[in-house]
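Given next are the chains, with one letter for each unit.
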Amino acid sequence: MQREISRRSLLIGSAAAAGAVAVGYQFTRSSEPESFDYSRVASDWEALRASFELDPNWVHMAGLLLASHPTPVKLALEKYRDELDKNPAHYYEHHAQQLELGVRQAAARYLNGDAADIALTDSTTMGLGLLYSGLKMKPDQEILTTEHDHSSTHASLAYRSQRTGNEVKRVRLYGDPDKASVSDICERLATAITPATRVIAVTYVHSSTGVRLPISAMAEVVAKANSGRAEEERALLCVDAVHGFASTEIDLQKFGADFLVAGCHKWLFGPRGTGVLWGRREVQEALQPTIPTFSGLSDFGALHTPGGFHSFEHRWALKEAFDLHFALKPARVEERIHELNRQAKEELSKLGVVRLYTPMSDDLSAGLICFDVNGFGPREVVTGLKDKSVIASNTPYRVSYARITPSLLNNSAQVEETIKAIRAL
Ligand SMILES: Cc1ncc(COP(=O)(O)O)c(C=O)c1O
């Protein structure tokens, strides 16, 4: 039934008007995928939810892990897969460069950036690996990271350090996560930066606690530390932004990072196996490519897009995920996600048996809620919720918590259902 809704009712008439067959699973054979009526889902959260083929028997509260493909992404992906199956060599030869550029342009439009500065990767982890292995550093320069990052950041930095000898230091940016504050985070960062700090490796929204870092305020701290430093001595603010990417509004002109890495197969609902690496124009020289590109272009984005033949249908269909989120409007998406998360946090805090670790404040959180239930380990909470048809996750960190992710995949009734299931534990 859901398939019927997503495919029939959401295909736009324009393709049909142009003489194309736009019904069911049939596709035209032009180089462009079927048009999709973004305006329909852009104004109606339930219509958007209906464009996913998620199993309706579950409440999906682990959306931070891996995306389900919404209709426009699925249509594009199937279209490109069909074309590659028919004639891989010719389709690649005639379309690859243009389609890849189209993805980078759609990303630039969504992020208020420039396509020339955006590279395409396969995941956050690939982007972090490319970034931290490729940054040019003198032997005596240091890397400053935090205690809150994902293993993809810490392992990338450790490999780098093993290869080049650059020391990696860690700072704790807050004590109790629910009591984190912008001023405390900025003070701790300022204290940890030394004249030898060349790379500052942080994570925008911590999947360990749900804390969202105030990146633009932190960028001011870094700018202050950089005043008077020569170009090759300047500290570079590098951000794993995967969990704020499409759950909060990111405007690259204001965000504050020097380099941003994100996977697109989580909150953005891009094809599984996609991601981006962005570099601020003024510091791009600091990054050396690691994997040769096949893109045929020479700007930063092309140069840092790893080459080799790929799962191109996934890469090219990423354009539709950016177009979808552009139509949804980033500020509106952020507000919707805050609204659902506020509802969940307020209800959880009323239960009396739940310890919340994620801050209540919208400014310091985004989409992830980490918590404990008295008398239960995080795994027990996740298992208990599973028995009640709610899919949660537990944080894969040294100190683990239970975690839910109210997102565009959910609505207020599902948040209520989740709280009810937690209460029933
Ligand atoms: C903060 C953070 N960074 C990176 C990753 C890995 O992301 P990807 O699967 O895109 O490599 C995760 C995993 O969800 C994560 O939580």
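None of the values given here were measured: they were computed from a predicted structure.

About the cut-offs
What you see as residue numbers is a count from 1 along each chain, following the sequence as written. It should be noted that, the model being predicted, local features are given only for residues of pLDDT at least 70 and side-chain atom pairs only at 80 or more, the latter also being counted only at that level, while totals for whole chains, interfaces and linings use all residues. Where side-chain values are given, they derive from all heavy atoms of the structure, hydrogens and water being excluded. Helix and strand labels come from DSSP, where a helix needs a run of H or I of at least four residues and a strand needs a run of E of at least two; each type is numbered from the N terminus. Radius of gyration: C-alpha atoms only; globule rule: 2.2 Å multiplied by the number of residues to the exponent 0.38. A 1.4 Å probe rolled over the protein chains alone gives each residue an accessible area, and that area as a share of the maximum for its type sets the label: buried under 20%, exposed over 50%, partly exposed in between. Put simply, a salt bridge is a Lys or Arg side-chain nitrogen that is within 4 Å of an Asp or Glu carboxyl oxygen. The criterion for strand pairing is that DSSP finds at least two bridges linking the strands in question. To get an axis, a line is fitted to the C-alpha atoms, and for a helix only the part in contact is used. The angle between two axes follows their N-to-C directions and goes from 0 to 180 degrees. Only heavy atoms enter the contact rule, under which two residues are in contact if any of them lie within 4.5 Å. Near is defined per residue: the residue qualifies when any heavy atom it owns lies within 4 Å of the molecule or strand. Polar contact criterion, stated in full: a pair of N or O atoms within 3.5 Å, where within protein one must be able to donate a hydrogen and the other to accept it, and residues adjacent in sequence count only if both atoms are side-chain atoms. Accessible areas in this description were obtained via Shrake-Rupley with a 1.4 Å probe; residue shielding takes into account the shown protein chains only.

Chemist: Looking at this structure, I do not really get the overall build of the chain. What am I missing?
Modeler: Across its full length, the chain holds 16 helices and 13 strands. Taken against the 2.2 N^0.38 rule, which gives 22 Å for 425 residues, the C-alpha radius of gyration of the chain at 22 Å falls within 12% of a compact globule. Dimensions of the chain, computed from the C-alpha atoms along their principal axes, are close to 65 × 55 × 30 Å. Within the chain, buried positions represent 57% of all 425 residues.

Chemist: So what exactly am I meant to see when it comes to the pattern of salt bridges here?
Modeler: Think of it this way: side chains of opposite charge can pair up when their charged atoms draw near. Within the structure shown, the criterion is met by 27 salt bridges. A salt bridge links Lys254 to Asp251; the shortest N-O distance between them is 3.9 Å. The class for Asp251 is buried, based on a relative accessible area of 19%. For Glu339, the salt bridge goes to Arg336, with nearest N and O atoms at 3.5 Å. In this pair, Glu339 and Arg336 both sit in helix α14 (residues 330-350), three residues apart, roughly one turn of the helix. For Arg336, a relative accessible area of 11% translates into the label buried. If you follow the salt bridges from partner to partner, you end up with Asp176, Asp178, Lys179 and Arg355 in one network.

Chemist: Explain the sheet that holds strand β6 (residues 236-240) here, please?
Modeler: Strand pairing in a sheet is mediated by backbone hydrogen bonds. Such pairs are either parallel or antiparallel. The seven strands lie next to each other as β2-β8-β7-β6-β5-β3-β4, forming an open sheet whose pairing is mixed. Among the strands making up the open sheet, the edge pair consists of β2 (118-121) and β4 (168-171). Between one strand axis and the next, the sheet turns through 20° on average, direction left out of account. By the bridge criterion, four bridges tie strand β3 (residues 142-146) to β4 in an arrangement that is parallel. The residue of β4 that forms the bridge with Leu144 is Lys169. Its contacts with the sheet put helix α7 (residues 124-134) on β2, β5 (197-203), β6, β7 (259-263) and β8 (275-279), and the angle it makes with β7 is roughly 155°.

Chemist: Is there a simple way to explain the site of the ligand in this structure?
Modeler: Taken together, the residues surrounding the ligand are Ser123, Thr124, Thr125, His150, Thr203, Ser207, Asp240, Val242, His243, His265 and Lys266. Contacts to the ligand include Lys266, whose side-chain N or O atom sits 2.9 Å from an oxygen atom. Protein chains bury 86% of the 400 Å² of accessible surface belonging to the ligand in isolation.

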